[in-house]
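Listed here are the chains, written in short residue letters.
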Number of protein chains: 2
Amino acid sequence: MPVPRRSLRDQLLEAGLETLHAKGFNATSVQDITDAAGAPKGSFYNHFESKEALAIEALRQYVARGQARRAVLRDRSRPAIRRLRAYLEGLIEAATEARFSSGCLLGNFGAELSGQSPLIRKHVDGAFCAWRDALAEVIAEAQQAGDVPGKFAAGELAEFVIDAWEGAILRAKVAKSRKPLDLFLEVTFAKTLA
Amino acid sequence: MPVPRRSLRDQLLEAGLETLHAKGFNATSVQDITDAAGAPKGSFYNHFESKEALAIEALRQYVARGQARRAVLRDRSRPAIRRLRAYLEGLIEAATEARFSSGCLLGNFGAELSGQSPLIRKHVDGAFCAWRDALAEVIAEAQQAGDVPGKFAAGELAEFVIDAWEGAILRAKVAKSRKPLDLFLEVTFAKTLA
């Protein structure tokens, strides 16, 4: 049986995600996206109402991929603190493969669009909260195991870890260097969670 | 004697800084800036070669104001750790007055423009490094006073504190809430520097 071809909508979405992640929202035109997808410009509006509508779908896609990475957090064969470390190391490897050039889409959209698009701001906020909840779960488990002190609530520590990550990946992009990410990992386990 | 009127260049620069900080680089047109300055559109290019050139001047202005805030770090009448806390509390108050809506210009430009403008990326990188050096100085002093452990170098702790701040002010903007900034302060002094 032939491999089913991706629909034009999927191609536009994939090209849109890549282009928006690399260049940002306002520097990307609809034509940049149709060019990257190898699609005629006129086809865009058959599939998406606006660039904003595509950006929200791209964000959903990005979040779904981020959720898939979190599978390692649920691998109960290892202590929670080890799973969290493996997960964060995986994020660093992925950012290194992308040569730090794009940063985090949540951070990029949050910085660029929070004032411009209430809808995108709401989606970014929701994605941060869901991410916080996922990390809080494994941090709470590590607290129960005695590997992380209970002074701060797991949800607070999770929020702080995410904020420190967002700052580190931003600075990795600015400095074109992996160093902020390695420092993030070291301080997170030697200080924040210790 | 009459108060000297600000030059048109200064008015464009001030309006440019405000508009770029609030709306971002690519969402701001030259006309947005001349409109905000109450200046004729044609006047812009008499004073700045390009929007990028104005953005770099605006960044310098922003950095100079940030440096002025650091005076509190050099007030030797108080212990270094107290000065650092007062400085960071001042940043939170300023962000709260601005209702978290604009975030940090370094973070905004870093997220939006690192791939687009090598020159702006370089200026943002330099500003982060100078900021790191200023915080490292006071953290080193706090280490000498025994108020911060010496496990991490002062420069590393300063970088981590800045990254955590950048992530927190980004999330404050996304969540329209002061909470990430208060959490940043608490965890910084209870964990990162403890």
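Up top is the structure these notes are about.
Trainee: Would you take a moment to explain the packing of helix 9 (residues 179-192) of chain A against helix 9 (residues 179-192) of chain B for this structure?
Mentor: A pair of packed helices is captured by two measures, namely the crossing angle of their axes and the spacing between those axes. Between helix 9 of chain A and helix 9 of chain B, the shortest axis-to-axis distance is 9 Å and the interhelical angle comes to 75°. Taken together, the axis directions place helix 9 of chain A and helix 9 of chain B in an arrangement best described as roughly perpendicular. Seen from helix 9 of chain A, the contacting residues are V187, K191 and T192 of chain A; seen from helix 9 of chain B, they are V187, K191 and T192 of chain B. The class makeup of the residues in the contact of helix 9 of chain A with helix 9 of chain B is two nonpolar, two polar and two charged.

Trainee: What is the right way to read the environment of I92 of chain B from this model?
Mentor: Residue and element names in this part refer to chain B. Note that I92 resides in helix 5 (residues 80-97). On a C-alpha basis, the gap between I92 and I162 in space is 13 Å, while along the polypeptide they are 70 residues apart. Excluding its chain neighbours within four sequence positions, the residues that come into contact with I92 are W165, R178, L181, D182 and L185.

Trainee: Help me understand the relation of the copies chain A and chain B in this model?
Mentor: For the pair of chain copies, the relating transformation is a rotation about an axis with a translation along it. With an axial shift of 0.0 Å and an RMSD of 0.0 Å, the rotation relating chain A to chain B amounts to 180°. What we have between these two chains is a two-fold relation. With an isologous cut-off of 70% or more, the 100% of interface residues of chain A that recur at the interface of chain B puts this contact in the isologous class.

Trainee: Could you clarify how one ought to interpret the packing of aromatic side chains in this entry?
Mentor: By convention here, two paired aromatic rings are described through the distance between centres and the angle between planes. Following the criterion strictly, the structure yields nine aromatic pairs over all chains and no others. Judged by centre distance (6.3 Å) and plane angle (45°), the ring pair of F160 of chain A and F160 of chain B falls under tilted. Of this pair, F160 of chain A sits in helix 8 (residues 154-175) while F160 of chain B sits in helix 8 (residues 154-175), on two different chains. By relative accessible area, which is 2% here, F160 of chain A ends up buried.

Trainee: Any chance you could explain the packing of helix 4 (residues 51-69) of chain B against helix 7 (residues 118-144) of chain B here in plain terms?
Mentor: All names here are of chain B. Contact geometry for helix 4 and helix 7: axes closest at 10 Å, N-to-C directions at 5°. Comparing the axis directions of helix 4 and helix 7 gives the class roughly parallel. Contact residues: helix 4 offers E52, A55, I56, L59, R60 and V63, while helix 7 offers L119, I120, H123, V124 and A127. Each residue belonging to the contact of helix 4 with helix 7 can be placed in one class, and the counts come to eight nonpolar, one polar and two charged.

Trainee: What should I look at first to understand the nonpolar core in this one?
Mentor: One broad trend across soluble globular proteins is that nonpolar side chains are buried collectively. Among the nonpolar cores identified, the biggest contains 126 residues, and L84 and F109 of chain A together with L84 and F109 of chain B are the most heavily contacted of them. Those residues in contact with L84 of chain A, other than ones at most four positions away along the chain, are L73, L135, V138, I139, F189 and L193 of chain A.

Trainee: I keep staring at the interface of chain A and chain B and nothing clicks. Help me out?
Mentor: Listed per partner, the contact involves 42 residues of chain A and 42 residues of chain B. Taking both partners together, chain A and chain B bury about 3800 Å²; carbon and sulfur atoms supply 67% of that area. It is F160, V174 and K191 of chain A in chain A that bury the most area against chain B; as a group they hold 19% of the surface buried on that side. Counting the contacts that link chain A with chain B gives four salt bridges. R171 of chain A is the salt-bridge partner of D163 of chain B, the closest N and O atoms lying 2.5 Å from each other. Linking chain A to chain B there are twelve residue pairs in polar contact (both at pLDDT 80 or more). Going through the elements one at a time, helix 6 (105-113), helix 7 (118-144), helix 8 and helix 9 of chain A are the ones with two or more residues in the side of chain A that touches chain B.

Trainee: Explain the environment of Q144 of chain A to me, please; I cannot follow it from the model alone.
Mentor: Inspection of the secondary structure assignment puts Q144 of chain A in helix 7. A relative accessible area of 71% places Q144 of chain A in the exposed class.

Trainee: For this particular structure, what's the right way to read the side chain of S102 of chain A?
Mentor: All names here are of chain A. Inspection of the secondary structure puts S102 in the loop between helix 5 (80-97) and helix 6. What makes S102 buried here is its relative accessible area of 14%. Once residues within four sequence positions are removed from consideration, S102 is found in contact with H21, A22, N108 and K173.

Trainee: What exactly am I supposed to notice about unusual backbone geometry here?
Mentor: Most peptide bonds are trans, and most residues other than glycine sit at a negative phi. Residue and element names in this part refer to chain B. Unusually for a residue other than glycine, R99 sits at a positive phi of about 50°. Residue position: R99 is located in the loop between helix 5 and helix 6 (105-113). Positive phi outside glycine occurs at K176, with the angle close to 50°.

Trainee: For this particular structure, what's the right way to read the environment of G167 of chain B?
Mentor: Summarising the element assignment, G167 of chain B is placed in helix 8. The buried category is assigned to G167 of chain B, whose relative accessible area is 1%. Residues G167 of chain B and F128 of chain B lie 39 residues apart in sequence; the distance between their C-alpha atoms is 14 Å. Sequence-distant contacts of G167 of chain B, defined by excluding residues within four places in its chain, comprise D163, E166 and G167 of chain A.

Trainee: What should I look at first to understand helix 9 of chain B in this one?
Mentor: Residue pairs three or four apart in sequence face the same way in an α-helix, which turns once every 3.6 residues. Counted at 1.5 Å a residue, the expected span for helix 9 of chain B with its 14 residues is 20 Å, and the 18 Å between its end C-alpha atoms agrees. The buried fraction of helix 9 of chain B amounts to ten of the 14 residues, a majority that puts the element mostly inside the structure. Turning to helix 9 of chain B, its buried residues number three or more, namely P180, L181, L183, F184, L185, V187, T188, F189, K191 and T192 of chain B. On its buried face, helix 9 of chain B is in contact with helix 8 and helix 9 of chain A together with helix 5 and helix 8 of chain B.

Rules of the game
- Residues numbered from 1 in each chain as written.
- Chains lettered and ligands numbered in written order.
- Predicted model: local features only at pLDDT ≥ 70, side-chain atom pairs only at ≥ 80, totals over all residues.
- Heavy atoms only, no water.
- Axes fitted to C-alpha atoms, helices over the stretch in contact; angles between N-to-C directions.
- Helix = DSSP H or I, 4+ residues; strand = E, 2+ residues; numbered from the N terminus.
- Parallel < 35°, antiparallel > 145°, perpendicular 65-115°, else oblique.
- Contact = heavy atoms within 4.5 Å.
- Nonpolar A, V, L, I, M, F, W, Y, C, P; charged D, E, K, R; others polar.
- Least-squares fit on C-alpha atoms with pLDDT ≥ 70 in both.
- Phe/Tyr/Trp six-rings, centres within 6.5 Å; stacked < 30°, edge-to-face > 60°.
- Buried < 20%, exposed > 50% of the residue type's maximum accessible area, 1.4 Å probe, protein only.
- Core = buried A, V, L, I, M, F, W, Y, C linked by side-chain atoms within 4.5 Å.
- Buried area = accessible area lost by both parts, 1.4 Å probe.
- Salt bridge = Lys/Arg side-chain N within 4 Å of Asp/Glu carboxyl O.
- Polar contact = N/O pair within 3.5 Å; in protein donor to acceptor, adjacent residues only side chain to side chain.
- Expected span 1.5 Å × (residues − 1).

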